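# Remarks on the overall topology
Each chain, letter by letter, is given below.
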Amino acid sequence: MDYKKIIAQKISQAKDLGLDEVFEMIEVPQKSEMGDFALPCFKLSRTLRKAPNQIADELKETLIDLDGFSKIESVSGYLNFFVDKQSFSKQTLSEIIKNGEQYGASDEGAGKTICLDYSSVNVAKPLHMGHLSTTVIGNSLRKIYSFLGYKCVGINHLGDYGTQFGTLIVAYEKWGNKDTVEKDGIAELTRLYIKYHDEEEKHPELADEARTWFKKIEDKDPQALDLFNWFQEITLKEVNQTYDLLGVKFDYYTGESFYTDKMQPVVDKLTECGLLVEDQGAQVVRLDDYDMPPCIILRKDGASLYATRDMAAALYRKKTFDFHKCLYVTAYQQDLHFRQFFKVLELADYNWSKDLVHVNYGMVSMEDGSMSTRQGRVALLKDVLEKALEKASDIINEKSPELEDKEAVARMVGVGSIVFSALKNNRIKDITFSWDNALNFDGETAPYVQYTHARATSVIEKSGMSLEGEVDYSALENEDATALITALSAFKEIVQSAARRYEPSMITRHVVEIAQKFNKYYFDHRIIDTDSEEKNRARLILAAATKQVIKTGLELIGVESPNKM
RNA sequence: GCGUCUGUAGCUCAGCAGGAUAGAGCAACGGCCUUCUAAGCCGUAGGCCCUGGGUUCGAAUCCCCGCAGACGCGCCA
């Protein structure tokens, strides 16, 4: 039952107003005393040429026996609607129980594909906290869109192109050896990389060697390519351990180098459209009309650039996946770059350029400045996860020493808390990393929500009752239950908004809200009580529905829900 | 200099496309475990919603001038 629609229909009929117009005006009041829905009548006072409170009074009379509502009030220009709690509870809860893990899902995306470009790790560089946002936002959006029926293609657009790989080969040839790299992986590659830059300051001629090696990679020289592929293998082997821990998956690891031979068509197309002009020796597309600096397509030495490669990738993805949308989850640092290359594709008559979306997010820095591997000012993702896991483990040993599967639970809680906190705030917010913050398990955190889930599970188990059978929903006629049920019923819309706005944090926050409301209910009302089986069943259904929505919500942000903790 | 974004409680943040008394968490202080998981719950305290204009019946929310911070602005990605 869609209460808002019912209200809008009745009112638009009564006052001869547009249905959509009225629908838009209906809102949900902040406080439950003010009803479940409200219509502010101030705007209507102009069209209807009457005072707002008079309009509200009149409407109240016409709507007096509206089905599904227990009360309608006219309060100083507002018309407040109170839904009939029993039918609302029954309807919402049975829908959740019936649909189970599909509650909130939809098929709106059937037949449509979404490409998601996220995480995009650099070869030979470790994952640090700066990579967390892109990784978990991308992963969550992928889950959310899949939940809404879209086919999702996750792409890890590896940073595997550039002179830096020439430098790495130089460093490896001069100071590295196979065994150490095999043993220490990325840490050793990083060490070599830093060593190179130290040495280069003293011996600038190293840069020429690096450029030569990079050229060899591009020309597919076997020796260079072997090393290059090996570095990639070492990197992926290691970062995949972290992805596994986070539960993050990709369908493709097609990186920048994959597009090396796919850029000429882009250049041809831009030339054909007359967009490409020479400027200071480089080939650029002018964007003055759009208040942007020119987009450089080819350097004066003829080499391609970031934008060229991204355009080639977009073309390839469109051709290969025929995406409905293609999302790029990268930091807002790159806002201009994306605006530029989206615009260039639009100017080149690719009408699907409107389906490219830059899902940007804020910067992560350390307390003493921005994160830098080279300057050693960095919090490695691996270390942060490990510490969180340790802390979770300690707490389990302290509070639930008898728990089975301690390790699995510690993983869900520890990793979950890191993922959760990365998805708690709006994407755009900058983050200053602090250990205290990262390892906080109190308040609006994964452990808090997971604990609520475990608590609900525990009560259901302890009751030993089946959810099937007669139910007396009058047991849920109190403010705490209603508030909880209202939050549960909003889940569907929240998921859709989160998708529409590319904002997983909406789900994170909603799940916290549900947990808060359940905990409040839990402390003021006994679930398993002595009144009647039918009433116990109603309360157990409430607990089961809460458990389900929390579980689904957490799942959508990539956090697991242990049954016990 | 120009552009984009951000500015709400001591700290971290919600506040959807304008609506009724601005909400959470952390930190602080005070309570609550012989009853379903105290990783919890309740209470207290804490606000010129950056400043100033404008639009509106109504502005934290929309528009403009500032201020502060982050990021970006031609051959890196």
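Scroll up for the structure.
Everything in this summary refers to the structure shown in the same document.

Reading the values: rules and limits
Residues numbered from 1 in each chain as written. Chains lettered and ligands numbered in written order. Predicted model: local features only at pLDDT ≥ 70, side-chain atom pairs only at ≥ 80, totals over all residues. Heavy atoms only, no water. Pairing = 2+ DSSP bridges. Helix = DSSP H or I, 4+ residues; strand = E, 2+ residues; numbered from the N terminus. 1 Å grid on protein atoms, 1.4 Å probe; cavity = no way out; pocket = protein on both sides within 12 Å on 5 of 7 lines; lining within 4 Å. Points joined across faces, edges and corners; volume = space filled by probe spheres on them. Nonpolar A, V, L, I, M, F, W, Y, C, P; charged D, E, K, R; others polar. Axes fitted to C-alpha atoms, helices over the stretch in contact; angles between N-to-C directions. Salt bridge = Lys/Arg side-chain N within 4 Å of Asp/Glu carboxyl O. Near = heavy atom within 4 Å. Polar contact = N/O pair within 3.5 Å; in protein donor to acceptor, adjacent residues only side chain to side chain. Phe/Tyr/Trp six-rings, centres within 6.5 Å; stacked < 30°, edge-to-face > 60°. Buried < 20%, exposed > 50% of the residue type's maximum accessible area, 1.4 Å probe, protein only. Lys NZ or Arg CZ within 6 Å of the ring centre and 35° of its normal. Patch = residues over 30% accessible without salt bridge, like charges linked within 9 Å, V, L, I, M, F, W, Y side chains within 5 Å. Areas by Shrake-Rupley, 256 points an atom, 1.4 Å probe, with all protein chains shown as cover.

## Section: the sheet that holds strand 13 (residues 431–432)
Two orientations exist for strands paired in a sheet by backbone hydrogen bonds: parallel and antiparallel. An order of 12-11-13 is seen for the three strands of this open sheet, with the pairing classed as mixed. Lying at the two open borders of the sheet, with one neighbouring strand each, are strand 12 (369–370) and strand 13. Of the strand pairs in this sheet, strand 11 (residues 364–366) and strand 12 are connected by two bridges, and their pairing is antiparallel. From the neighbouring strand, Met366 faces strand 12, where its bridge partner is Gly369.

## Quick notes on empty space enclosed by the protein
For the structure shown, the criterion picks out one cavity of 30 Å³ or more. As a volume, the largest cavity reaches approximately 100 Å³. Mapped onto the lining of the largest cavity, the elements with two or more residues apiece are helix 7 (164–175) and helix 9 (186–202). Residue composition of the lining of the largest cavity, by class: seven nonpolar, three polar and two charged.

## Comments concerning the sheet that holds strand 6 (residues 276–279)
Ordered by their spatial adjacency, three strands build an open sheet running 6-7-8, and the pairing between neighbours is antiparallel. Taken across any chain shown, the strands that pair with only one partner, and hence form the sheet edges, are strand 6 and strand 8 (295–298). Across the sheet, the mean angle from the axis of one strand to that of its neighbour is 45 degrees, orientation sign disregarded. Relative to strand 7 (residues 282–285), strand 6 runs antiparallel, the two sharing four bridges. Paired with Asp279 across the strands is Ala282, a residue of strand 7.

## Thoughts on the pattern of salt bridges
Opposite charge on two side chains permits pairing when their charged atoms draw close. Per the stated rule, a full pass over the model turns up 29 salt bridges. Taking the shortest distance from any N to any O, the salt bridge between Lys215 and Asp219 comes out at 3.0 Å. Where salt bridges share partners, they join Lys15, Lys50 and Glu58 into one cluster.

## A look at the protein's contact with RNA strand B
With respect to spatial proximity, 63 residues lie near RNA strand B, and among them Gln30, Tyr78, Glu256, Arg299 and Glu444 are the closest. Sugar and phosphate atoms represent 63% of those atoms of RNA strand B found within 4 Å of the protein. Taking Arg46, its side chain carries an N or O atom lying 2.7 Å from a phosphate oxygen of RNA strand B. The contact in question runs from a base nitrogen of RNA strand B to an N or O atom on the side chain of Asn80, over 2.9 Å. Among the elements of the structure, strand 3 (78–83), strand 7, helix 13 (306–321), helix 14 (335–347), helix 15 (381–399), helix 18 (446–463) and helix 21 (505–524) are those that each provide at least two residues to the surface near RNA strand B. In terms of residues, the surface near RNA strand B owes the most to one element, helix 18, which gives seven residues. Partitioned by chemical class, the residues of the surface near RNA strand B number 27 nonpolar, 12 polar and 24 charged.

## Some remarks on the packing of aromatic side chains
This model, assessed by the stated rule, comprises 31 aromatic pairs. Relative to Phe69, the ring of Tyr3 lies with its centre 5.5 Å away and its plane at 80 degrees, an arrangement referred to as edge-to-face. Pair noted here: Tyr3 is in helix 1 (residues 3–15) and Phe69 is in strand 2 (residues 69–75), with a separation of 66 residues, a long-range link. When sorted by exposure, Tyr3 lands in the same class as Phe69, which is buried. Pairwise contacts between aromatic rings join Tyr3, Phe37, Phe69, Phe81 and Phe88 into one cluster. Positioned above the aromatic ring of Trp175 is the side chain of Lys195, whose terminal nitrogen or guanidinium carbon lies 5.4 Å from the ring centre. A cation over a ring is seen here: Lys387 above Trp435, with NZ or CZ 5.7 Å from the ring centre.

## Some details on a nonpolar patch on the surface
Nonpolar side chains collect at one region of the surface, where Phe42, Val75 and Tyr78 lie side by side and expose about 250 Å² of accessible area between them. Relative to the helices and strands, Tyr78 is located in strand 3.

## Regarding the pairing of strand 7
Where strand 6 folds back onto strand 7 in an antiparallel hairpin, the turn is made up of two residues, including Gln280, whose phi is positive at roughly 50 degrees. Both strand 7 and strand 8 contribute to a ladder of three bridges, which runs antiparallel. Residue pairing in the sheet places Gln283 in a bridge with Leu298 of strand 8.

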